[in-house]
Amino acid sequence: MADRTHLRDFQARLSERLRQAAAEPAQAARLGVQVGGRRLLVELSEAGEIAACSGAYASVPLTQDWFMGLVNLRGSLYGVSDLARFAGGDFTPNTKEARLVAFAPRLNLNGAILVDRMLGLQNLSGMAEAEDAPAEDAGHSWLGRGWVDEQGHRWTELSLERLAGDERFLAVSR
């Protein structure tokens, strides 16, 4: 019971911070997530609900190995995709820190991506644009510009809108 209370408190704090960040001029804030050891930045307007990953998906037969199945988020069914696996990496481990990031309703896709963990709000105004893109970004139209923060960590923009329109991502059947 205490875990649910802590989760609700976390979700309430995160929702408030997202609302405050959305009011910032020029939308300098992005949602930071970790996917397979990579730091990714998600536009706040493209992200919907963030939920703990219980690992309780309804599996769907004859689908790609990166399509984890279906999950009920507040009364609606969402298809869950393991973004790390979709990108050619290993499966995302089922840990306490793993989260589901749902696509914003405006993207018209009842989908969510599985991420290793949330890294909080990141402000682009404190980062420098990276000069070169990593080789693993090639062929991934849903990955954008690179950034380097003050601690030297590399970040890459993740466009959920472009991911939602990626034909390979939408083709979950084998």
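If you're wondering where the values come from, they're calculated on a predicted model, not measured in any experiment.

**Q** So, the overall build of the protein chain: which residues are in play, and what are the values?
**A** Check the secondary structure of the protein chain and you find four helices and 11 strands. A buried classification covers 43% of the 174 residues belonging to the protein chain. Looking at the protein chain alone, contacts between residues at least 24 apart form 58% of all its contacts between residues at least 6 apart. Total accessible area on the protein chain is roughly 9,600 Å²; 50% of this is exposed by carbon and sulfur atoms.

**Q** Explain the side chain of serine 81 to me, using residue names and the numbers behind them.
**A** Within the secondary structure layout, serine 81 lies in strand β5 (residues 76-82). Taking the relative accessible area as the measure of exposure, serine 81 reaches 3% and is therefore buried.

**Q** Which residues make up the pairing of strand β4 (residues 67-73), and what are the values?
**A** Working note: regular strand, side chains alternate between the two faces of the sheet. Across six bridges, the pairing between β4 and β5 is antiparallel. In the strand pairing of β5, leucine 70 is matched with glycine 79. Linking β4 to β5, which pair antiparallel, is a turn of two residues; within it arginine 74 sits at a positive phi near 50°.

**Q** Go over the sheet that holds strand β1 (residues 29-35) with me, naming the residues and quoting the values.
**A** On the basis of which strands lie adjacent, the open sheet formed by six strands has the order β8-β1-β2-β11-β10-β9 and mixed pairing. Lying at the two open borders of the sheet, with one neighbouring strand each, are β8 (117-123) and β9 (128-129). Bridge count between β1 and strand β2 (residues 38-43): six bridges; the pairing is antiparallel. From the neighbouring strand, valine 33 faces β2, where its bridge partner is leucine 40.

**Q** Lay out the pattern of salt bridges in plain terms, naming residues and giving numbers.
**A** Scanning all chains against the criterion turns up six salt bridges. Arginine 74 is paired through a salt bridge with glutamate 49; the nearest N and O atoms lie 3.1 Å apart. Taken together, the residues arginine 74 in the loop between β4 and β5 and glutamate 49 in strand β3 (residues 47-52) connect sequence positions 25 residues apart. Assessed through its relative accessible area of 27%, glutamate 49 is described here as partly exposed. With a closest N to O distance of 3.9 Å, glutamate 161 and arginine 106 form a salt bridge.

**Q** Outline the environment of aspartate 82, supporting the account with residue identities and numerical values.
**A** Positionally, aspartate 82 belongs in strand β5. A relative accessible area of 0% means that aspartate 82 is categorised as buried. For the pair aspartate 82 and leucine 114, spaced 32 residues apart in the sequence, the C-alpha separation amounts to 4.8 Å. Not counting chain neighbours up to four residues away, the residues in contact with aspartate 82 comprise Trp66, Met68, Asp90, Phe91, Thr92 and Leu114. Within polar-contact distance, the side chain of aspartate 82 engages the side chain of threonine 92 at 2.7 Å.

**Q** Hey, could you go over unusual backbone geometry for me, with residue numbers and the actual values?
**A** It is generally the case that most residues other than glycine have a negative phi and that most peptide bonds are trans. Residue leucine 62 is not a glycine yet carries a positive backbone phi of 60°. Assignment of secondary structure puts leucine 62 in the loop between β3 and β4. Phi angles above zero are rare outside glycine, and asparagine 108 is one such case at about 55°. If you trace the backbone, asparagine 108 turns up in the loop between β6 (99-103) and β7 (111-115).

**Q** So what about the environment of asparagine 123? Which residues, and what values?
**A** With respect to the secondary-structure elements, asparagine 123 resides in strand β8. On a C-alpha basis, the gap between asparagine 123 and alanine 29 in space is 4.4 Å, while along the polypeptide they are 94 residues apart.

About the cut-offs
In this convention, every chain numbers its residues from 1, walking through the sequence in written order. Whole-chain, interface and lining totals are the exception, using all residues; otherwise, since this is a predicted model, local features are given only for residues with pLDDT of at least 70 and side-chain atom pairs are given and counted only at 80 or more. Side-chain numbers here rest on the full set of heavy atoms in the structure, without hydrogens or water. The helix count covers DSSP runs of H or I at least four residues long, the strand count covers runs of E at least two residues long, and both are numbered beginning at the N terminus. Relative accessibility thresholds used throughout: buried, under 20% of the residue-type maximum; exposed, over 50%; partly exposed, between the two (1.4 Å probe, protein chains only). Whether two residues touch is decided by their heavy atoms; if any such pair falls within 4.5 Å, the residues are in contact. We get accessible surface area from the Shrake-Rupley algorithm with a probe of 1.4 Å; when it comes to residues, only the shown protein chains can shield them. One requirement defines pairing of two strands: DSSP has to find at least two bridges between them. A pair is scored as a salt bridge if a Lys or Arg side-chain nitrogen falls within 4 Å of a carboxyl oxygen belonging to Asp or Glu. Polar contact is defined as a pair of N or O atoms within 3.5 Å, subject to the rule that within protein one atom must be able to donate a hydrogen and the other to accept it, and that residues adjacent in sequence are counted only when both atoms are side-chain atoms.

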